[in-house]
Amino acid sequence: MSERQTADTRWVTCVTRIRDERDQTAFARLFAHFAPRVKAFLMKSGADAALAEECAQEVMATVWRKAHLFDPERASVATWIFTIARNRRIDALRKQRHPEPEDLPWGPEHEPDQTETLALQQESEQLGRALQALPEAQRVLIERAYFGELSHREIAAETGLPLGTIKSRIRLALDRLRQEMT
Amino acid sequence: MTTPITHHLTDDILMAHASGSLPEAFGLVVATHVSLCDECRARLAGYEAVGGAVLEDSDPSVAMAEDSLAATLRLIAAMPEDDRIDAPAPAEGGVFPMPLRDYVGGDADAVQWRALGGGVRQAVLPTARDATVRLLYIPAGMAMPDHGHGGMELTLVLQGAFEDAGGRYGRGDVEVAGEDLDHTPVAAPGPDCICLAATDAPLKFHGLLPRLAQPFIGI
Ligand SMILES: [Zn+2]
């Protein structure tokens, strides 16, 4: 699939190498890209530099430990790392837990489909471009929501982003998983 | 998923959960509903994808500590080889999905109920205090006390069903009530109703008895 690689599918390859080969070079590449972003995200969320550094290291260590739980048919690597960083932020700054849904049971027998993985990664990149294309004020409001600056009462889900296609694709991936299970 | 779910979470709530802005008590209701509902699971994943885009856009020029990668690899090396985190196995059968079992310490038979009178029982679950979440047990045919809301309330049915002005709510259905809704849910005939209800304001009971009882039952 070398021709069909996108930035996001390259990150998927890194996570797969960490999962299968405990590949430290792949981890170093992920770290170089994502660790500063996680640290910046945590600082925007109100952590000081020292706490953000410590949490970013823990988030990246969790990436290593949970590599086998990542499903590229349902999330980009950036999205997956975001959820780990978000949970760490809630734990560190609010001293709360973030209750997680029970995951669908899938294990080594579930090999993610290449075509579906590529499509999901491409849609994640499109979503990123759509976010950048939003009017400044609207984009800032979304960022503030995800930095945890807004209370749940202040959040209005009208983002102006095209979420329908990515939602439908994830829904189909869930349907396929359910069929595998029965 | 034996019966189709017809009452779902709102986009606002899913986005608040995805962004990590929802109080833990509401988060437990969201996670429990999503465990039963692939439609909301996909919608939630869509809002998490927005978080991924925000992370990707974060300032990449923030400096990491000098030995940051090496320190992280040491963190990883310090973990026992077999200490990879596994997803908790999903609940097999039973009434409560896994996230709720985590808070209860088991399934429906492990709940430490407290009687509220008339066969109605409740159990407040331990969460951060910016909102509260409780399990309610309402015998079939019993009405919940007539109450309005000072805040937001999420009510998720886990067993049986209830009916009110908003319609019929069966297993997996969730009612999202705002400050304007004044409602009187009644447990439908059939199995007794068990629901998980979260609110960020004390409930205001209109009836005399429940109001008197309020300070004692901790609602
Ligand atoms: Zn739903």
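Anything mentioned here points back to the structure above.
Residues numbered from 1 in each chain as written. Chains lettered and ligands numbered in written order. Predicted model: local features only at pLDDT ≥ 70, side-chain atom pairs only at ≥ 80, totals over all residues. Heavy atoms only, no water.

With that settled, the discussion passes to the overall build of chain A. Across its full length, chain A holds 7 helices and 0 strands. For chain A, the α and β elements follow one another from N to C terminus as α-α-α-α-α-α-α. For 182 residues, the compact-globule estimate of 2.2 N^0.38 gives 16 Å, and chain A sits close to it at 17 Å. In chain A, buried positions account for 53% of the 182 residues. Taking the contacts inside chain A whose residues are at least 6 apart along the sequence as the reference set, 69% of them involve residues at least 24 apart. For chain A, the computed accessible surface area is about 8,300 Å², with 49% contributed by carbon and sulfur atoms. Charge-centre separation for chain A: the mean point of 27 positive side chains lies 4 Å from the mean point of 28 negative side chains. (Helix = DSSP H or I, 4+ residues; strand = E, 2+ residues; numbered from the N terminus. Rg over C-alpha atoms; globule rule 2.2 N^0.38 Å. Buried < 20%, exposed > 50% of the residue type's maximum accessible area, 1.4 Å probe, protein only. Contact = heavy atoms within 4.5 Å. Areas by Shrake-Rupley, 256 points an atom, 1.4 Å probe, with all protein chains shown as cover. Lys, Arg positive; Asp, Glu negative; His and termini not counted. Charge placed at Lys NZ, Arg CZ, Asp CG, Glu CD.)

As a further point, take the pattern of salt bridges. Following the criterion strictly, the structure yields 27 salt bridges over all chains and no others. A salt bridge links Glu116 of chain A to Arg176 of chain A; the nearest nitrogen and oxygen atoms lie 3.5 Å apart. In this pair, Glu116 of chain A is assigned in helix α5 (residues 114–133) and Arg176 of chain A in helix α7 (residues 164–181), connecting sequence segments 60 residues apart. Ionic pairing is found between Arg168 of chain B and Glu163 of chain B, a salt bridge with its closest N-O pair at 3.5 Å. Its relative accessible area of 47% is what places Arg168 of chain B among the partly exposed residues. Classification of Glu163 of chain B as partly exposed rests on a relative accessible area of 36%. Residues participating in the shared-partner salt-bridge network are Glu73, Glu116, Glu123, Arg169 and Arg176 of chain A. (Salt bridge = Lys/Arg side-chain N within 4 Å of Asp/Glu carboxyl O.)

With that settled, consider the coordination of the zinc ion. Each donor-metal-donor angle in an ideal tetrahedron of four donors is 109.5 degrees, and each such angle in an ideal octahedron of six donors is either 90 or 180 degrees. Residue and element names in this part refer to chain B. The protein atoms that coordinate the zinc ion are His8 (ND1), His33 (NE2), Cys37 (SG) and Cys40 (SG), at distances of 2.1 to 2.3 Å. One can describe the donor arrangement at the zinc ion as tetrahedral, given that its 4 donor atoms subtend angles of 96 to 128° at the metal. Taken in chain order, the donor set of the zinc ion reads H-x24-H-x3-C-x2-C. For the pair His33 and Cys37, a shared accessibility class is recorded, and that class is buried. (Donors = N, O, S within 2.8 Å, 3.2 Å for Na, K, Ca; no water. Tetrahedral: all angles 85-135°; square planar, octahedral: opposite > 155°, others 65-115°.)

Let us look at the packing of helix α3 (residues 49–65) of chain A against helix α4 (residues 68–77) of chain B. As a packed pair, α3 of chain A and α4 of chain B sit with axes 9 Å apart at the nearest point and diverge in direction by 50°. With respect to their mutual orientation, α3 of chain A and α4 of chain B come out oblique. Where α3 of chain A crosses over α4 of chain B, the two elements pack in a sense that is right-handed. Together, Glu53, Gln57, Glu58, Met60, Ala61 and Trp64 of chain A of α3 of chain A and Ser68, Ala71, Thr72, Leu75 and Ile76 of chain B of α4 of chain B make up the contact between the two elements. (Axes fitted to C-alpha atoms, helices over the stretch in contact; angles between N-to-C directions. Parallel < 35°, antiparallel > 145°, perpendicular 65-115°, else oblique. Left-handed = near helix turned anticlockwise from the far one by under 90°.)

On to the sheet that holds strand β1 (residues 114–117) of chain B, then. Residue and element names in this part refer to chain B. Pairing is antiparallel across the open sheet formed by 6 strands, whose spatial order is β1-β2-β3-β10-β5-β8. Each end of this open sheet is capped by a strand with a single partner; those strands are β1 and β8 (174–177). Within this sheet the neighbouring strands show an average axis-to-axis angle of 25°, counted without direction. Bridge analysis of strand β5 (residues 153–159) against strand β10 (residues 193–199) gives 6 bridges, and the strand direction is antiparallel. Across the sheet, Thr155 pairs through a bridge with Ala197, a residue of β10. Packed on one face of the sheet, helix α2 (residues 24–36) meets β2 (120–125), β3 (132–138), β5, β8 and β10 and runs near 40° to β5. (Pairing = 2+ DSSP bridges.)

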